[in-house]
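The primary structure of each chain is shown beneath.
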Amino acid sequence: MKRIFFPFLFLCLYCLNGTATAQRIKGSDTVLPLTQELSEMYMKSHPSETVTVTGGGSGVGISALMDGTTDLAMASRRIKFSEKIKMKQARHEPCEVIVAYDALAIIVNPRNPVRQLTREQLEAIFRGKITNWKQVGGEDAKIIVYSRETSSGTYEFFKESVLKNKNYMSGVLSMPATGAIIQSVSQTKGAIGYVGLAYLNPRVKALAVSYDQGKTFVYPSVKTAIRKEYPVVRPLYYYYEKKNEAKVLPFLKYLTTQEAKDKILQLGFIPR
């Protein structure tokens, strides 16, 4: 059962016993399902505490941390230098914690016969250099490219790891959330996109990827990520204000318990 947070009730409880606390967590859609599950578990073992979790993207979470509307910012990328400067100018001191690791899966429609692509082919597709599936061994059909929007940490990581910091094609279709990419790719035969491993489902097909120019192709999975065989793996982060450390520390400590680590693995992420 999900907890509903009533600000007035919380205030009264706090005034009576001084023990009830509430935490706000906001940001990355990749980290969202993991945090939702962990926060539910945490609240069951800490009945006096309430945790509210919302998505919106890594950039949204970090912006919320800057303006004081969240206690923890979820991010699927490291905080940018420009964001650090802004926080320093506003006399904020962000602290970083790695929550878990995530494999980024390249997905196509299940009806697409293509099963594997090299990093170079992916770069050419997402930059608009390869536009037809027959160019990579598939059918004669236009490639429809889906991406996360620019505020997403997944967008940034894909650009860095797969595109080697080159720009996406101008005609890329930007989606506001990972679920939207899953839906679009599942409904469009010529589509391609990318999602966190935990979001994979039978409605889409993950491709094997090669980072050694086609010598070795590896499918994304928790096992291949742990063995460091799958090449597209990234850390996932929480950021918080140094001055609020005492408030968020109990939840962060809970993430190191065996119970939390087991849940992280169960959800398709790799424990730190």
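Structure first, text after, so check above.
No experiment lies behind these values; they were computed from the predicted model shown.

(A) Structural context of the environment of Q266. Relative to the elements of secondary structure, Q266 occurs in helix α10 (residues 258–266). With relative accessibility at 59%, the residue Q266 sits in the exposed group. Put simply, Q266 and K253 are 13 residues apart on the chain and 19 Å apart in space, counted from C-alpha to C-alpha.

(B) Examining the pairing of strand β6 (residues 144–148) more closely. Of all five residues making up β6, four are buried, and the element is well covered by its neighbours. Here β6 pairs with strand β8 (residues 191–196) via two bridges, running parallel. Residue pairing for β8: V145 is matched across the bridge by I192. Across three bridges, β6 lies against strand β7 (residues 173–175) in parallel orientation.

(C) Summary view of the side chain of D102. With respect to the element layout, D102 can be found in strand β4 (residues 94–108). A polar atom in the side chain of D102 sits 3.3 Å from the backbone nitrogen of L197. Residue contacts for D102: discarding those within four places in its chain leaves T30, G196, L197, A198, V232, V233, R234, L236, F269 and I270.

(D) Looking closely at the packing of helix α3 (residues 58–66) against helix α4 (residues 81–89). At their nearest, the axes of α3 and α4 sit 10 Å apart, and the two run at 15 degrees to each other. When the axes of α3 and α4 are compared, the pair comes out roughly parallel. Our pair here, α3 against α4, has a crossing hand that is right-handed. Here I62, L65 and M66 of α3 lie close against α4, whose contacting residues are E83, K86 and M87. Grouping the constituent residues of the contact of α3 with α4 by class yields four nonpolar, no polar and two charged.

(E) Spotlight on the packing of helix α2 (residues 32–45) against α10. Here α2 crosses α10 at 150 degrees, and the two axes come no closer than 10 Å. In terms of orientation, α2 lies roughly antiparallel with respect to α10. As for how α2 packs across α10, the hand of that crossing is right-handed. Here L34, E37, L38 and M41 of α2 lie close against α10, whose contacting residues are E259, A260, K263 and I264. Among the residues making up the contact of α2 with α10, the classes are represented as five nonpolar, no polar and three charged.

(F) Inspection of the side chain of T35 at higher detail. Along the polypeptide, T35 turns up in helix α2. Setting aside chain neighbours within four positions, we find T35 in contact with I25, V53, M74 and Y238.

(G) Spatial organisation of the nonpolar core. If you look at the biggest cluster of nonpolar residues, it comprises 32 residues, and the most contacted ones within it are I106, L117, F126, F158 and I192. Counting only elements with at least two residues in this core, the list comes to β4, α5 (119–126), α6 (153–161) and β8. Sequence-distant contacts of I106, that is, excluding residues within four places in its chain, are made with L122, F158, I192, G193, Y194, K205, A206, L207, V209 and Y230. If you look at the next biggest cluster of nonpolar residues, it comprises 27 residues, including L38, L236, F251 and F269.

(H) A look at unusual backbone geometry. One non-glycine residue, N165, lies in positive phi territory at about 70 degrees. Mapped onto the elements of the fold, N165 is located in the loop between α6 and β7. A residue is classified by how much of its surface remains accessible, and N165, at 56% relative accessible area, is exposed. With a phi angle near 65 degrees, K228 is a residue other than glycine that sits in the positive phi range. By secondary structure assignment, the location of K228 is in the loop between α8 (222–226) and β11 (233–241). What makes K228 exposed here is its relative accessible area of 74%.

Parameters and conventions
Residues numbered from 1 in each chain as written. Predicted model: local features only at pLDDT ≥ 70, side-chain atom pairs only at ≥ 80, totals over all residues. Heavy atoms only, no water. Helix = DSSP H or I, 4+ residues; strand = E, 2+ residues; numbered from the N terminus. Buried < 20%, exposed > 50% of the residue type's maximum accessible area, 1.4 Å probe, protein only. Pairing = 2+ DSSP bridges. Polar contact = N/O pair within 3.5 Å; in protein donor to acceptor, adjacent residues only side chain to side chain. Contact = heavy atoms within 4.5 Å. Axes fitted to C-alpha atoms, helices over the stretch in contact; angles between N-to-C directions. Parallel < 35°, antiparallel > 145°, perpendicular 65-115°, else oblique. Left-handed = near helix turned anticlockwise from the far one by under 90°. Nonpolar A, V, L, I, M, F, W, Y, C, P; charged D, E, K, R; others polar. Core = buried A, V, L, I, M, F, W, Y, C linked by side-chain atoms within 4.5 Å.

None of the figures reported here should be taken as evidence of function without further support.
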